[in-house]
Amino acid sequence: MTVPLSAAFTPQLVCTTGDRLIHPADGRNDLARIVVRWARRWVPETWPAREYFDALGIGDSESPCYHDESVVGWLLIEPRPNSLAWQVRTGRIDITTALTAEAEAWPDRYHA
């Protein structure tokens, strides 16, 4: 099952590359803390998101990425245009196809 927009993220929800989350306390502006899904992790899309996680001591300073647990409760917003997530949400592809493409692109991330 794909995640509806505005849903609060939990690790049980299915997200794919290009999905984006916003901190629930933020409005959609230049100061918003926003992360984007990439290679089964979340990366900062905005500088405030990067600063937020740096202040918490979470992530790698050279290549910041965050696990699902770091963004539990953040809200899903519109996916990146032309991303796998965008294609799923617009009905161009189904979620199984998107997850298969991710598994082929990053096979080491899908070991059981």
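### Describing the environment of Arg40
Argument step 1. Residue placement: Arg40 occurs in the loop between strand 2 (34-38) and strand 3 (41-44).
Argument step 2. The exposure class of Arg40 is partly exposed, given its relative accessible area of 26%.

### Let's talk about the side chain of Asp26
Argument step 1. Positionally, Asp26 belongs in the loop between strand 1 (20-22) and strand 2.
Argument step 2. Only 2.6 Å separates the side chain of Asp26 from the backbone nitrogen of Arg33, close enough to count as a polar contact.
Argument step 3. Residues in contact with Asp26, not counting those within four places in the same chain, are Leu31, Ala32 and Arg33.

### Remarks on the pattern of salt bridges
Argument step 1. Under the counting rule described, the total for this entry stands at 6 salt bridges.
Argument step 2. Salt-bridge contacts for Asp19 lead to Arg89; the nearest nitrogen and oxygen are separated by 2.7 Å. Here Arg89 lies in helix 2 (residues 84-89) and Asp19 lies in the segment before strand 1, a separation of 70 residues in the sequence.
Argument step 3. Residue Glu45 is joined to Arg80 by a salt bridge in which the shortest nitrogen-to-oxygen separation is 3.3 Å. Within this pair, whereas Glu45 is found in the loop between strand 3 and helix 1 (47-56), its partner Arg80 is found in the loop between strand 4 (75-77) and helix 2, the two being separated by 35 residues in sequence.
Argument step 4. According to the relative accessible area criterion, Glu45 is partly exposed, its value standing at 28%.
Argument step 5. Looking at Arg80, the relative accessible area reads 39%, which means it is partly exposed.
Argument step 6. One network of salt bridges, in which partners are shared, links Arg20, Glu45 and Arg80.

Definitions and cut-offs
- Residues numbered from 1 in each chain as written.
- Predicted model: local features only at pLDDT ≥ 70, side-chain atom pairs only at ≥ 80, totals over all residues.
- Heavy atoms only, no water.
- Helix = DSSP H or I, 4+ residues; strand = E, 2+ residues; numbered from the N terminus.
- Buried < 20%, exposed > 50% of the residue type's maximum accessible area, 1.4 Å probe, protein only.
- Polar contact = N/O pair within 3.5 Å; in protein donor to acceptor, adjacent residues only side chain to side chain.
- Contact = heavy atoms within 4.5 Å.
- Salt bridge = Lys/Arg side-chain N within 4 Å of Asp/Glu carboxyl O.

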